[in-house]
Amino acid sequence: MLYEISLLLHSYLRWLIFIAMIGCLGLAWWGVLRQRTWGKWESRFAAAFAMLASIQFVMGVLLFIVPDGIAQAALRDMGASMRVRELRFFGLEHPLQMVIAIGLVHLGWARARKAKLDRSRFRWTAGSFTVASLLILAAIPWWRPQVRPIVVSSAPPAPAAIALTGGDAERGATLFTQSIGGQPACSTCHAWDDTRIVGPGMAGIATRAAERVPGQSAADYLVNSIVNPAAFVVEGYANVMPATFGQVLDEEQIRDLVAYMLTNR
Ligand code: HEC
């Protein structure tokens, strides 16, 4: 719950920061180029930029330390995480770049307040805000939803329409440890015993799969876990399993993987 609320705030606050950032950049560069005098709007925008960045930092730290969050999932096994884009991004790149950017915003604003000449105020803010803005723009996860729905519906997903018999567990075992379509192998995130890597260990998966979603057989549930992992997210884990396996695996491969997982009782 804490995670969802912080994520929502973090996600929406970004747009306020975006407005403050555009305002700051415009005023700073206009001041540099036109040699204007520093006025109250320059101060207001710079103060707002710095303040919003600080609030965003606090939200970010919360998201970073929440146990179910993506960052903590990434930290659990950094070696495996570096091969998974989302985990590398939220565990390392995004926090690092944003912390530097927030530092630069504060530096620019502090220098502007201390400077005696308007010319140096404009130069400090233009320089540091520009670098900070580039870092921020590069470290925003643009591929994720820009506007999050406030209420997420939790209707149980319909089972995928795949024939479930005839899978070959041995082929599935091989597939489980292979990189598939540029995605990391299942075994990068899932141990075959009950060790937690990024995702849950597979020990006993055949048994618990039958109980996960009412109305879904173990095989139905396993197919859905592969083709639509976001539809049911195991409690205590982040929704970071790649969503593209449904496109890169053919039906036979999915049947093989399911047959393999069904051997783990
Ligand atoms: C990047 C890491 C990652 C990869 C790669 C990955 N998974 Fe997952 N998987 C997760 C996480 C995290 C969860 C728990 C959250 C969820 O339910 O989505 C999960 C959940 C599951 C579950 C449900 C487990 C349960 O206890 O109910 C199954 C089944 C599963 N994955 C199978 C696979 C298979 C098969 C592959 C390879 C085709 C695979 N996963 C690849 C991270 C991954």
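In this convention, every chain numbers its residues from 1, walking through the sequence in written order. Only residues with pLDDT of at least 70 get local features here, since the model is predicted, and only at 80 or more are side-chain atom pairs given and counted; chain-wide, interface and lining totals rely on the full set of residues. Excluded from the side-chain calculations are hydrogens and water; all other atoms, namely the structure's heavy atoms, are used.

**Q** Run through the packing of helix α9 (residues 205-212) against helix α10 (residues 218-227), naming residues and quoting values.
**A** Two numbers describe how α9 lies on α10: the axes approach to 7 Å, and their chain directions differ by 90°. Looking at the two axes, α9 sits roughly perpendicular to α10. Along its contact with α9, which presents I205, A206, A209, A210 and R212, the element α10 presents A218, Y221 and L222. The residue makeup of the contact of α9 with α10, split by class, is seven nonpolar, no polar and one charged. To get an axis, a line is fitted to the C-alpha atoms, and for a helix only the part in contact is used. The angle between two axes follows their N-to-C directions and goes from 0 to 180 degrees. The helix and strand labels rest on DSSP assignments: H or I over at least four residues marks a helix, E over at least two residues marks a strand, and numbering proceeds from the N terminus. To sort the angles, those under 35 degrees are grouped as roughly parallel, those over 145 as roughly antiparallel, those from 65 to 115 as roughly perpendicular, and the leftovers as oblique. Contacts: residue pairs with any heavy atoms within 4.5 Å of one another. Here the term charged refers only to Asp, Glu, Lys and Arg, the term nonpolar to Ala, Val, Leu, Ile, Met, Phe, Trp, Tyr, Cys and Pro, and the term polar to all other amino acids, Gly among them.

**Q** So what about the coordination of the iron atom of the ligand? Which residues, and what values?
**A** As a benchmark, a tetrahedral metal site with four donors has ideal angles of 109.5 degrees, while an octahedral site with six donors has ideal angles of 90 or 180 degrees. Excluding water, the donors of a metal are its N, O and S neighbours within 2.8 Å, or within 3.2 Å for Na, K and Ca, and that exclusion means sites may look incomplete. Protein coordination at the iron atom of the ligand: the donors are H190 (NE2) and M241 (SD), at 1.9 to 2.2 Å from the metal. Between 85 and 135 degrees for all angles marks four donors as tetrahedral; over 155 degrees for opposite donors together with 65 to 115 for all other angles marks four donors as square planar and six as octahedral; every other arrangement is irregular. Coordination at the iron atom of the ligand comes from six donor atoms whose angles at the metal span 88 to 178°, giving a geometry best classed as octahedral. Of this pair, H190 sits in the loop between α8 (186-189) and α9 while M241 sits in the loop between α10 and α11 (245-248), placing them 51 residues apart in sequence. On the basis of relative accessibility, which here comes to 29%, the residue M241 falls in the partly exposed class. Think of it in three bands: residues with accessible area under 20% of the maximum for their type are buried, residues over 50% are exposed, and the middle band is partly exposed, with areas taken using a 1.4 Å probe on protein chains only.

**Q** Residue-level account of the packing of helix α2 (residues 40-65) against helix α5 (residues 85-114), with values.
**A** Put simply, α2 and α5 touch, their axes get as near as 10 Å, and they point 155° apart. The angle between the axes of α2 and α5 places the two elements in the roughly antiparallel class. Between α2 and α5 lies a crossing of left-handed hand. Residues S43, A46, A47, F49, A50, A53, S54, F57 and F64 of α2 lie in contact with α5, whose contacting residues are F90, G91, P95, V99, I102, V105, H106 and W109. Of the residues assigned to the contact of α2 with α5, the class counts are 13 nonpolar, four polar and no charged. Left-handed describes a crossing whose near helix is turned anticlockwise from the far helix through less than a right angle; right-handed describes the clockwise counterpart.

**Q** I'd like a description of the side chain of S6, backed by residues and values.
**A** Relative to the helices and strands, S6 resides in helix α1 (residues 2-34). Excluding its chain neighbours within four sequence positions, the residues that come into contact with S6 are M59, L62 and L63.

**Q** A description of the domain arrangement of the protein chain should follow, citing residues and the corresponding values.
**A** Under the domain assignment, the protein chain is made up of domain 1 (2-138) and domain 2 (169-261). Averaged C-alpha coordinates put domain 1 and domain 2 at centres separated by 37 Å. Taken residue by residue, the interface counts 11 residues in domain 1 and nine residues in domain 2. Both faces combined, the contact of domain 1 with domain 2 buries some 890 Å², and carbon together with sulfur accounts for 69% of it. Accessible area, probed at 1.4 Å, shrinks when two parts are joined; the buried area is that loss added up over both. Of all residues in domain 1, the largest losses of buried area upon contact with domain 2 belong to D68, R76 and V84, amounting jointly to 45% of the total for that side. Should a side-chain nitrogen of Lys or Arg be within 4 Å of a carboxyl oxygen of Asp or Glu, the pair is scored as a salt bridge. Taken together, the connections running from domain 1 to domain 2 amount to zero salt bridges. In protein, a polar contact requires one atom able to donate a hydrogen and another able to accept it; more generally it is a pair of N or O atoms within 3.5 Å, and residues adjacent in sequence count only if both atoms are side-chain atoms. Taken together, domain 1 and domain 2 are joined by zero residue pairs in polar contact (both at pLDDT 80 or more). Sorting the residues of the side of domain 1 that touches domain 2 by element identifies α3 (70-76) and α4 (78-81) as the ones contributing at least two each. Domain delimitation in this document rests on an assignment produced automatically or drawn from a domain database.

**Q** Just give me the short version of the nonpolar core, but keep the residues and values in it.
**A** Among the buried residues, those of types Ala, Val, Leu, Ile, Met, Phe, Trp, Tyr and Cys that are joined through side-chain atoms within 4.5 Å form a nonpolar core. In this structure, L222, I226, L249, I254, L257 and V258 are the most contacted members of the largest nonpolar core, which totals 24 residues. For this core, the secondary-structure elements that each account for two or more residues are α7 (169-176), α9, α10 and α12 (251-261). No other element matches the six residues that α10 contributes to this core. Sequence-distant contacts of V258, defined by excluding residues within four places in its chain, comprise A219, L222, V223 and I226. Core analysis: the next-biggest nonpolar cluster, separate from the first, contains 23 residues, L13, A101, W109 and F129 among them.

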